[in-house]
2 protein chains.
Amino acid sequence: MLQAKSCRFAAFCRVTGNFFIYITISIMSLICVGSMAYDAIETPFGKREKIVGGAAVYAAYAASNFVKPINLVGIIGNDFEEPEIKSLEAKGASFEGVERIKDKKSFFWSGRYHMDMNTRDTLVTDLNVLADFNPVIPKSYQNSEFLMLGNLHPATQISVIKQMNTRPHLIALDTMNYWISSAMEDLKVVLKMVDVLMINDEEARQLSGDYSLVKAARKIMDMGPKFLIIKKGEHGALLFHGNNVFFAPALPLEEVFDPTGAGDTFAGGFMGHIARTKDIAFENMKTAIIVGSAMASFCVEKFGPERLKEISKPEIDDRIRQFIQLVNFDISLV
Amino acid sequence: MLQAKSCRFAAFCRVTGNFFIYITISIMSLICVGSMAYDAIETPFGKREKIVGGAAVYAAYAASNFVKPINLVGIIGNDFEEPEIKSLEAKGASFEGVERIKDKKSFFWSGRYHMDMNTRDTLVTDLNVLADFNPVIPKSYQNSEFLMLGNLHPATQISVIKQMNTRPHLIALDTMNYWISSAMEDLKVVLKMVDVLMINDEEARQLSGDYSLVKAARKIMDMGPKFLIIKKGEHGALLFHGNNVFFAPALPLEEVFDPTGAGDTFAGGFMGHIARTKDIAFENMKTAIIVGSAMASFCVEKFGPERLKEISKPEIDDRIRQFIQLVNFDISLV
């Protein structure tokens with residue numbers, strides 16, 4: 001597996017014939033830690049009884065358009081089908097860090113969305129293999145310079161960070177209301193260990209105790225992360241850093257077909273862009289937010305990760321152009 | 001009162017001393033039709049028992065930063081205080097089209113906001129003088145090239161348009177759920193007479209019968225207006241025109257102190273910019289949306305129009321710069 005941080009090659013220039021061009025290609029890799037699952041999804045537009053899902057799966061599909069390899073860390077059961085593994089591997093995902101449990105099933109989640117697509121009822125949550133998840137970071141992943149920690153128990157997230165011999169350039173973390181309520185002490189610890197926190201608006205309010213997102217952001221950044229991304233679903237996403245704030249809209253779509261995985265896809269697109277550009281400055285994070293939003297806008301067009309499996313680079317470029325059009329304006333001051 | 005559409009003057013150039021510079025200054029005026037009221041407002045941050053309000057008042061204060069005169073059309077009672085009239089006149093508002101009723105009180109509205117500021121309870125609505133409102137457009141207003149029709153009965157809005165000897169360059173219309181439910185036939189007529197419709201997301205869904213705002217926008221533009229602005233409060237605003245769409249965020253604020261009048265302030269800022277620039281192309285409307293959003297972001301900082309009364313041009317410039325920062329990003333395609 002291609003794991004070197006950078007390689008150098010020389011190309012003879014056939015046009016001029018008389019000199020060499022040296023190009024440095026840096027190959028960055030990204031670790032994605034998170035759930036790998038099967039979901040049953042019901043939306044106003046239809047239903048799927050069993051479709052692959054989980055935070056790491058969505059993030060991997062999104063990030064694979066920008067960076068390879070995607071070093072997956074997760075746990076799957078005996079029902080996780082070989083074609084799904086092959087499909088991810090074909091996109092550049094490594095399964096070396098994915099534990100396979102022969103006598104148990106994969107994590108299963110079932111949910112139903114209502115007309116507004118902003119609320120959903122969870123019908124079933126079968127942890128299955130996820131109940132025993134103690135992620136082990138393989139030696140071959142140790143050179144990865146970017147780490148995306150999907151929504152898991154904060155103690156599990158801490159354990160992953162501690163396994164890295166060299167601290168990654170950038171560590172991003174997702175969490176949820178459940179851990180804010182039930183594992184706040186561990187969450188406080190892991191927040192001090194990461195660079196970027198990605199949560200939704202309700203989670204930001206719950207974590208900070210402040211209704212105003214501007215005030216909430218300040219309090220949360222005081223807890224550790226230098227960058228805070230607040231996801232607002234169909235209302236876009238905010239990036240906070242110090243006194244700076246950036247806003248990216250969600251693309252207005254004819255139809256949101258299935259929002260499952262949109263947040264994880266956003267995270268994958270964001271980290272994919274950061275890993276590709278190796279630039280963790282605020283200005284580049286703004287661009288990463290747009291890339292993440294573009295990827296999320298694909299995700300919701302079909303069930304589960306179906307749309308993510310098929311998108312092409314020209315489609316991504318076209319979608320990003322739509323984002324530029326969506327927010328671009330010229331102004332002269334009054 | 002300055003009412004000429006344009007005037008031309010010659011200035012002797014003292015620097016070179018040997019030629020004249022001709023400068024054409026076009027003076028555009030804007031008619032604002034709408035309620036002029038007193039409100040009682042209660043928010044989580046405090047309350048005001050009596051504060052000036054009404055769509056035309058908010059729109060006039062916002063627009064006055066960009067265009068003069070603001071030709072007000074409204075109706076007020078014996079309680080409308082002289083200092084409020086003087087304050088608006090000092091900003092360039094004309095009261096020639098404002099009817100004053102000696103034996104009745106001004107329109108009165110009282111409401112209470114909850115913590116999320118997106119929902120409010122209306123406690124009192126006393127129509128008072130507004131029950132007899134039959135706006136008359138004074139002769140001196142006939143040259144006005146821009147017309148903002150605040151939220152009133154659609155039949156009243158039709159009557160105003162019909163009184164204009166020359167059709168204004170641009171007519172913008174506000175309406176609300178009440179008229180969509182109770183006066184749909186008149187609303188359909190007036191929609192065919194206007195260029196820009198400004199409504200909120202719930203009203204767009206109600207008017208079109210479509211949940212998707214993209215689909216709703218298409219249906220509503222088929223009803224008449226070539227431009228549709230869908231206001232989403234703290235989640236920003238969308239501008240639709242043909243197949244084009246533009247999004248402007250709301251500025252993330254530490255505190256939304258009082259959202260009363262924010263939509264009317266947005267409309268006033270939007271029309272003020274359009275009237276100042278005399279450019280009704282989609283590209284310039286995008287800018288107008290940003291200007292409207294900037295004005296609305298001031299409005300919510302204090303009770304009623306208090307903040308709008310005191311803002312300066314440098315403050316507006318600074319706020320618009322914040323909007324540029326908020327959405328500005330550089331991107332190279334993948």
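In this text, all values refer to a predicted model and were calculated from it rather than measured experimentally. (Residues numbered from 1 in each chain as written. Chains lettered and ligands numbered in written order. Predicted model: local features only at pLDDT ≥ 70, side-chain atom pairs only at ≥ 80, totals over all residues. Heavy atoms only, no water.)

## Observations concerning the pairing of strand 9 (residues 120-126) of chain A
Residue and element names in this part refer to chain A. Two strands pair when backbone bridges link them, and strand 8 (residues 107-113) and strand 9 are joined in this way by six bridges, in the antiparallel orientation. Across the sheet, Trp 109 pairs through a bridge with Thr 125, a residue of strand 9. Here strand 8 hands over to strand 9 after six residues, with Met 117 in that stretch at a positive phi of 65 degrees. (Pairing = 2+ DSSP bridges. Helix = DSSP H or I, 4+ residues; strand = E, 2+ residues; numbered from the N terminus.)

## A word on the sheet that holds strand 5 (residues 46-53) of chain B
Residue and element names in this part refer to chain B. Pairing in this open sheet of four strands is mixed, and the strands run 5-4-8-9 from one edge to the other. One side of each edge strand has no neighbouring strand; the edge strands of this open sheet are strand 5 and strand 9 (120-126). Between one strand and the next, the sheet's axes are offset by a mean angle of 15 degrees, whatever the strand orientation. (Axes fitted to C-alpha atoms, helices over the stretch in contact; angles between N-to-C directions.)

## Overview of the packing of helix 8 (residues 262-277) of chain B against helix 9 (residues 282-299) of chain B
All names here are of chain B. Where helix 8 meets helix 9, the axes come as close as 7 Å, and the angle between the chain directions of the two elements is 140 degrees. Relative to helix 9, the element helix 8 is oriented oblique. As helix 8 packs across helix 9, the resulting crossing turns out to be right-handed. Across the interface between the two elements, Ala 262, Thr 265, Phe 266, Gly 269, Phe 270, His 273, Ile 274 and Thr 277 of helix 8 pack against Asn 284, Met 285, Thr 287, Ala 288, Ile 289, Val 291, Gly 292, Ser 293, Met 295, Ala 296 and Cys 299 of helix 9. Classifying every residue of the contact of helix 8 with helix 9 by side-chain character gives eleven nonpolar, eight polar and no charged. (Parallel < 35°, antiparallel > 145°, perpendicular 65-115°, else oblique. Left-handed = near helix turned anticlockwise from the far one by under 90°. Contact = heavy atoms within 4.5 Å. Nonpolar A, V, L, I, M, F, W, Y, C, P; charged D, E, K, R; others polar.)

## Concerning the relation of the copies chain B and chain A
Least-squares fitting of chain B to chain A yields an RMSD of 0.0 Å, with the transformation described by 0.0 Å of translation along the axis and a rotation of 180 degrees. These values place the two chain copies in the arrangement generated by a two-fold rotation axis. Minimal C-alpha separation from the rotation axis in chain B is found for His 235 of chain B, amounting to 3.0 Å. Looking at the interface residues of chain B, 100% of them are also at the interface in chain A, so both copies use one shared face. (Least-squares fit on C-alpha atoms with pLDDT ≥ 70 in both.)

## Describing helix 3 (residues 154-163) of chain A
When we look at burial in helix 3 of chain A, the residues that qualify are Pro 154, Thr 156, Gln 157, Ile 158, Val 160 and Ile 161 of chain A. Turning to helix 3 of chain A, the residues buried within the fold contact strand 3 (30-33), strand 10 (146-149), strand 11 (170-174), helix 4 (177-182) and helix 5 (184-191) of chain A. (Buried < 20%, exposed > 50% of the residue type's maximum accessible area, 1.4 Å probe, protein only.)

## Comments concerning the sheet that holds strand 7 (residues 93-100) of chain B
Adjacent strands of a sheet form backbone hydrogen bonds with each other and so pair up, either parallel or antiparallel. Residues and elements named next belong to chain B. The strand order across the open sheet built from nine strands is 7-6-3-10-11-12-13-14-15, with neighbouring strands paired in mixed fashion. The sheet is open, and its two borders are formed by strand 7 and strand 15 (244-248), each paired with just one other strand. Averaged over neighbouring strand pairs, the angle between their axes works out to 15 degrees when direction is ignored. As defined by bridge partners, strand 11 (residues 170-174) adjoins strand 12 (residues 196-200) across three bridges and the pair is classed as parallel. From the neighbouring strand, Asp 174 faces strand 12, where its bridge partner is Met 198. Contacts between helix 8 and the sheet are confined to strand 3 (30-33), strand 10 (146-149), strand 11, strand 12, strand 13 (227-231) and strand 14 (237-241), with strand 10 contributing the most and set at about 170 degrees to the helix. Helix 9 rests against strand 11, strand 12, strand 13, strand 14 and strand 15 of the sheet, and its axis sits at about 20 degrees to strand 15.

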